[in-house]
Each structure stands twice: as structure tokens, then as C-alpha cells.
Amino acid sequence: MDDPSLLLMLSSLLHLHTYLDPTSSCNPPSSSVAASSAAAPLLFFAIASVLSYASSTLRQRRSRRRRRRCSSSPSPPPPPPPPRSVASPSAGFFFLSSDRVLSLEPSARDARFRSLYGVSHPIFETLLKNLRHLDASAAFPSSLPLDRAFSVALARLSRGLSSRSLARSLSLPPALVSRCTHALTRLLSTRLYPRYVTLPANPDHLLSTLQSFKDITALPNLAAAIASSPVRLRLRQPPHPHPSHPNSAPDPGTDLLRSASRPFPSILLQAVADHRKVFWDACVRAPGSSDPASHLRDSSLYRLLLDNNGSSGALPLRDHIISVRGQHVRPYLVGDSSYPLLPFLLTPFSSSSSAATSSAPALEAFDSALAKGRAASVEAAIGLLKGRWKILRNLNVGLDHAAQTVVACVVLHNMCQFAKEPEDEGRYMWRDPPESPQPASLVESERSLHYMGESLRQALAEDLYDRQQKLGSGASLGCGLSANKQGWQCKRDSFFTVGIYLQIMPTYVMLNMWGRKEVRSPDLSLSPRELGPDRFQRDKSIGLLEETNAREKEQKEAARALKEIEAKAKKSYQND
């Protein structure tokens, strides 16, 4: 009750109550006062509640002021929260300084770079050096240094993230991430593609490739394999149509990206690769609804292989021409039945082949050899390409940048193959769903080339089957075991034994004839005096000694000749 305002309000309320209450006054109340005395208790309680609420509010405000005065002097304010780092969610993208990189072990450093950027540290530095040599700073955004912009683009290609997801993890604008990616893919697909993706120009390189494929497939002059693979696109979904227009037509451009076997939008990648899983050519010019044969005819590789006059420059795959059953065979490619049959592109025999049924084993042997060649080269290369660069599994770029992104990943793949990067199938290999190839249609301009390809394919199939039959029949003649290593080894051992026996038989006969003669060796322990004075006896003993020495010499020469015969037989056995 220390507040004077509160005391004043209470006293005023008491005077009002004394005035209104008739029992508190000695004088009789008037008629007006009596009329209002009935409402006096209600008015009293209303005013009392208002005053109590006002007094409690005033007390709370005064207590707050006292607390502020007491806490203004001693304790310091709490420290502000630390500022958020720009690259704190994924700091590895921006720790590219030489001191931090060189402080790591080479194996740990390469593993770290592969997990972040898909390549090891030496390849990263080589790419960065090439970009600086090409003066690529103008192509990348100026708001980021070249190494950081390059690392952002590589991270998106290797991890397959969208621009929004990667920008969220790096605290960067999504538009900046997209610009970095488009700049890198444009430089790789245009400036560095001719350097790392090309047909072999060195004859020695081509010969080594032909020999490697011959070891795999037993087919001569097989140079590379060709295949087509769809690259799935993740396009932005169009907005839902307005309810008033339920039959709004979809975008007609997206229908070209789909086919009957692939309901999702995609583009086609045509690739040629050798036994090292290195791409020789890559073409991305067809939508998903196109067929591989039409895609091949629209590519520059088709025109280059058809050119016989050298009007387009050097003529590739023409340095090593052999003859097989009267057919001139140039280095050729192999593909599945979705490609046309040409002299430089051989495909498997189809079920409707015009070849005789008697040659069915030869056709099966040829088809099996072609399947081995494709699986060991281009199919494995495409699986490794999509395994390393995860953005190709679901391409999340615009349609105008899709082709250059695929070609850029091909360039990066070849750089990894040249540097002998690891090829762990469980981690880097990607398998597309299997698709049954549709047979290619024959066009009128390729009719003569098709007939040449048929005759060449038939000659190669028959030659391959004959060689396999000779190998199998030779094994069966040896020990009755066909087409296995043990039978072939037993056959060669048998021939070797018979040859040795025939060569050494005369020597053994000669030695046996010598052994049957009775040779009496003189008693050399007797002194000349004990031999007696007869000179004839001494001369006879000396003659017997000389004869014995001569025969021993002949036996040694025969044994030496026998060893030489055995050595020659072993050498011929090894050569066989």
C-alpha cells in the first residue's frame, strides 16, 4: 500500500460507496438516490476489479525496471554465434591449396580426389593445366577462381547431382553451378576432344590392337567394336494443365525422345571402342526414338569409312589388308544386328540368313566370336563410362547441353584409361537394362556394300570354323581327348616319343652290335719285364690297348650324337 495513486483510488471508491449506500447515512434517502442504490454493489465490484488489474500491471512493470538496473553493470553479453562458412557442408571442394594437397599421402590424396571429382590428383592437375593453357578463365564465371569453378563442375559430373542439390551443399547460387558445368563440358567436347578421342593413326598401334582382338576372338583384322546406348534425360515436368483445358496437347518434342522399348526420354550415344576400353569415336546426334543404323549413317565416322579417295584427309583402318579365302579383308568393326552389314562393319548372322544349314556350326562360331569382341571392348567401356560419371545415368541438364555433356564425359573417360585408373567393376561398372536389337533395314545405296559384306563374313566364318576343327582333330588324334589342354599336350608328347625312338634306333643297334664283340683288355698292371722278352707279345698288347681306346672313343662319339638328336627333338617339340 505504498503507492499513493492506489490509496487515492481506494479513498475515492470509499466516498462513492458512502454516498450511494443508504445505510451509511443518517438522513433518509431521496427518491433518486433510492433508485440508484440497487446498482451500487454491482458498480463497486466492477470498479474494484479494474483497479486491481491496473495495480498488478503496474507492479510487474516496476519489477522489470529494477531487474534491468541490477543487471546492467556486472555480466558481459553472450558471445555472438560464429559466422557460417561458405563451404562448410563439403569443405573438400575448396581445400585445393597446394599445401593441403601435398601434405597427404599419394594414395590417400588420389582416393580423396576420386571420391570428390571422379579422377585422381594427377589427372585433376593435368586437366587444370590444359584449361589454363586454353585460357579458359573467360569461359568460367568470374566470381569463382578457375580451380574452384573446375572442381564444382567435375563434382557435378562425377556425383550426378542436380545444380540445385550441389548449390545447396556448397551455399552457391544454382545458376552459378550450371554455368560452371556448361563451361567445362563445352571446352572438353570442342577443344580437348580431338586430342583424346581419335582413330589410330600409328600403324604399330593398329597392329597391336588387331593382335589383341585376335587373341580374344580368334578373328583376324578385327580393329574395334561399335554399339549404341541410350542416355536417360531428366527433363523438368511441365505444369499441370488448367481444369478448364483438360485436353491440352503435350509438347511434341518430347515424343521424339521416347521409343516403344524405352518409354522414358533419352538420347542415343554411338561409341566405338577397342580392347583397352578406350573410345575411338563418339557421336550424340539422335533422339531416343531413332534407330542405331540411321544414327550411324548421319555420323561423320560413316562418311570417313566410306571415303575411298581420301577427300576427308587420311584414310583410317586401311593400313593392314589381308586375304582370307580369296577375300581382301581390311581392318573392320563389329556390331550387333541393329547395324547394317558392310565390308568395314560386320554383324552376326541373323535367323533368316540365306546361308546353307550345313554351315550352321560355322555361323554359331562366328557369332560367338563377335559377342566376345563386343563384350570385351565397347560394352565394357560404356558400362565403365556410366559408372564413373553418374550424371549419365539420369542426365539432369537442359536438352541444348545434353550432347556436349555426354561427349565431355567420354573425353574424361579416355583420360582415365590412358592414366590406368582403377576399373573396379563393383564400384565403377554400370549395367543398362538389356534390350533386344531390331534388325537394320537395307537401303538402296548400300546394296552392293551389303553383298560384299556377306561374302566377306561368310569367308571369315568358314575360316574360323576350319581352324577350330583342325585344332580339335589334332587333339583327338593324340590321346582321344578333344578340344582341351590335356589332350593336346598328350598328343604332342606321343609324337615326341615316336620321333625320338625313330631317330635313336640306328644308334642303339650300332651300340648293341659293338657290345656283342668280346673285347679282351690287356693286363696293364704287368711291367714290360714281366711281359717277357718276346717283342711280338709286347706289340700285341699295345695293339689291343689302342683298339680298346678307339672303341671307347667311338662309344663316346655315339653317346654325344645321341644327346644332339635328343636336343634337336626337344627343340622341334617346343616349336610345335
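None of these values were measured; they are calculated from a predicted model.

J.: What exactly am I supposed to notice about the overall build of the protein chain here?
T.: Assigned secondary structure in the protein chain consists of 20 helices and seven strands. Put simply, the protein chain has 576 residues, and 38% of those count as buried. In the protein chain, the share of contacts with a sequence separation of at least 24, taken over all contacts with a separation of at least 6, comes to 68%. For the protein chain, the computed accessible surface area is about 34500 Å², with 56% contributed by carbon and sulfur atoms.

J.: Hey, could you run me through the packing of helix H15 (residues 378-388) against helix H16 (residues 402-418) in this one?
T.: When two helices pack together, their arrangement is given by the angle between their axes and by how far apart the axes lie. Viewed as axis vectors pointing N to C, H15 and H16 meet at an angle of 105°, and their least axial separation amounts to 10 Å. Taken as axis vectors, H15 and H16 run roughly perpendicular relative to one another. Across the interface between the two elements, Ala381, Leu384, Leu385 and Arg388 from H15 touch Cys409, Val410, His413, Cys416 and Gln417 from H16.

J.: How should I be thinking about the pattern of salt bridges in this particular structure?
T.: Pairing between side chains of opposite charge can happen when the charged atoms of each approach one another. Tallying each qualifying case throughout the model produces ten salt bridges. Its salt-bridge partner being Arg297, residue Glu446 comes within 2.9 Å of it at the nearest N-O pair. One end of the pair, Glu446, is in the loop between helix H17 (425-428) and helix H18 (447-479); the other, Arg297, is in helix H12 (residues 292-297), with 149 residues separating them in the sequence. What makes Arg297 buried here is its relative accessible area of 18%.

J.: Please explain the nonpolar core as it appears in this structure.
T.: As a rule of thumb, soluble globular proteins bury nonpolar side chains together. Counting residues in each nonpolar core, the largest one holds 87 residues, and the members touching the most others are Phe140, Leu154, Leu184, Ile267, Trp389 and Leu395. No other element matches H16, which puts ten residues into this core. In this structure, Leu199, Ala223, Leu333 and Phe344 belong to the second largest nonpolar core, which totals 18 residues.

J.: Mind showing me how you'd approach helix H6 (residues 121-133) here?
T.: One turn of an α-helix holds 3.6 residues; hence residues three or four places apart share an orientation. Relative to the 18 Å expected for 13 residues at 1.5 Å per residue, H6 spans 18 Å between its end C-alpha atoms, a close match to the ideal helical length. Immediately downstream of H6, the backbone of Asp135 shows phi near 55°, a positive value.

J.: I'm lost on the packing of helix H7 (residues 146-159) against helix H9 (residues 174-190) in this one. Help?
T.: Two elements in contact, H7 and H9, have axes whose closest approach is 8 Å; the angle formed by their N-to-C orientations is 85°. Taken together, H7 and H9 sit at an angle that is classed as roughly perpendicular. Taking contact as the criterion, the partners of Ala149, Phe150, Val152, Ala153, Leu154, Arg156 and Leu157 in H7 are, on H9, Val177, Ser178, Cys180, Thr181, Leu184 and Thr185. When its residues are assigned to classes, the contact of H7 with H9 shows nine nonpolar, three polar and one charged.

J.: Honestly, the environment of Ser162 in this entry has me stumped. Any pointers?
T.: Within the fold, Ser162 resides in the loop between H7 and helix H8 (163-170). Separated by 15 residues in sequence, Ser162 and Val177 have C-alpha atoms that sit 9.1 Å apart. A distance of 3.0 Å separates a polar atom in the side chain of Ser162 from a polar atom in the side chain of Ser165.

J.: Any chance you could explain the sheet that holds strand E1 (residues 222-232) here in plain terms?
T.: Strands in a sheet are paired, the pairing made by backbone hydrogen bonds, and the direction either parallel or antiparallel. The strand order E3-E2-E1-E6-E7 describes an open sheet built from five strands, whose pairing is mixed. Taken across any chain shown, the strands that pair with only one partner, and hence form the sheet edges, are strand E3 (279-287) and strand E7 (345-346). In terms of strand pairing, E1 meets strand E6 (residues 332-334) through three bridges, oriented parallel. Following the sheet pairing, Leu222 is matched in E6 by Tyr332. Against the sheet, H16 makes contact with E1, strand E2 (266-273) and E3, and its axis sits at roughly 165° relative to E3, the strand it touches most.

J.: Quick question: what am I supposed to make of the pairing of E3 here?
T.: Each regular strand shows side chains that alternate between the opposite faces of the sheet. Where burial is concerned, most of E3 is hidden: seven out of the nine residues are buried. Summarising the sheet, E2 and E3 pair through six bridges and their orientation is antiparallel. What sits directly across from Ile267, in E3, is Pro287. Between the end of E2 and the start of E3, which pair antiparallel, lie five residues, with Lys277 showing a positive phi angle near 65°.

J.: Help me out: how do you make sense of H16 in this one?
T.: End to end, H16 covers 25 Å across 17 residues, agreeing with the expected 24 Å (1.5 Å per residue, within 8%). For H16, the buried fraction is high: 15 of the 17 residues fall into the buried class. The positive-phi residue at the C-terminal boundary of H16 is Lys420, with phi of around 60°.

J.: What is the right way to look at the packing of aromatic side chains in this model?
T.: Given two aromatic rings, one states the distance between the centres and the angle between the planes to describe the pair. In the structure shown here, the tally under the stated rule is five aromatic pairs. Here the aromatic rings of Phe349 and Phe366 are separated by 5.6 Å at their centres, their planes lie at 70°, and the arrangement is edge-to-face. Taken as a pair, Phe349 in the loop between E7 and helix H14 (360-376) and Phe366 in helix H14 lie far apart in primary sequence, 17 residues in all. Neither residue differs from the other here; Phe349 and Phe366 are each classed as buried. Through pairs of rings, three or more aromatic residues link up here, namely Phe113, Tyr117, Phe124 and Phe150. A cation sits over an aromatic face here: Arg232 above Phe264, 4.5 Å from the ring centre. The ring of Phe349 is capped by Arg457, whose NZ or CZ atom sits 4.1 Å from the centre of that ring.

J.: Just to check I follow, could you spell out the environment of Asp291 for this structure?
T.: Mapped onto the secondary structure, Asp291 falls in the loop between E3 and H12. On the basis of relative accessible area, Asp291 is assigned to the partly exposed category, the value being 34%. For the pair Asp291 and Pro437, spaced 146 residues apart in sequence, the C-alpha to C-alpha distance is 9.5 Å. A polar contact is formed between the side chain of Asp291 and the side chain of Ser294, at a distance of 2.7 Å.

J.: Any chance you could explain the confidence of the model for the protein chain here in plain terms?
T.: Atomic detail in the predicted coordinates should be set aside for any region of low pLDDT. When the pLDDT values of the protein chain are averaged, the result is 77; 64% of them are 70 or greater. pLDDT under 50 marks residues 245-249. Its contacts with residues more than four places away, or in other chains, come to one contact. Here residues 479-492 scores under 50 on pLDDT; set against residues more than four positions off or in separate chains, the count is 23 contacts.

J.: Before we go on, may I ask you to explain unusual backbone geometry in this structure?
T.: Among all residues except glycine, the phi angle is most often negative; among peptide bonds, the trans geometry is most common. If you check the backbone angles, Ser171 has positive phi at about 55° while not being a glycine. Here Ser171 is to be found in the loop between H8 and H9. Although it is not a glycine, Lys420 adopts a positive phi angle of roughly 60°. Looking at where Lys420 falls in the secondary structure, it is placed in the loop between H16 and H17. Classification of Lys420 as exposed rests on a relative accessible area of 72%.

What counts, and where the lines are drawn
- Residues numbered from 1 in each chain as written.
- Predicted model: local features only at pLDDT ≥ 70, side-chain atom pairs only at ≥ 80, totals over all residues.
- Heavy atoms only, no water.
- Helix = DSSP H or I, 4+ residues; strand = E, 2+ residues; numbered from the N terminus.
- Buried < 20%, exposed > 50% of the residue type's maximum accessible area, 1.4 Å probe, protein only.
- Contact = heavy atoms within 4.5 Å.
- Areas by Shrake-Rupley, 256 points an atom, 1.4 Å probe, with all protein chains shown as cover.
- Axes fitted to C-alpha atoms, helices over the stretch in contact; angles between N-to-C directions.
- Parallel < 35°, antiparallel > 145°, perpendicular 65-115°, else oblique.
- Salt bridge = Lys/Arg side-chain N within 4 Å of Asp/Glu carboxyl O.
- Core = buried A, V, L, I, M, F, W, Y, C linked by side-chain atoms within 4.5 Å.
- Expected span 1.5 Å × (residues − 1).
- Nonpolar A, V, L, I, M, F, W, Y, C, P; charged D, E, K, R; others polar.
- Polar contact = N/O pair within 3.5 Å; in protein donor to acceptor, adjacent residues only side chain to side chain.
- Pairing = 2+ DSSP bridges.
- Phe/Tyr/Trp six-rings, centres within 6.5 Å; stacked < 30°, edge-to-face > 60°.
- Lys NZ or Arg CZ within 6 Å of the ring centre and 35° of its normal.
- pLDDT = per-residue confidence, 0-100.

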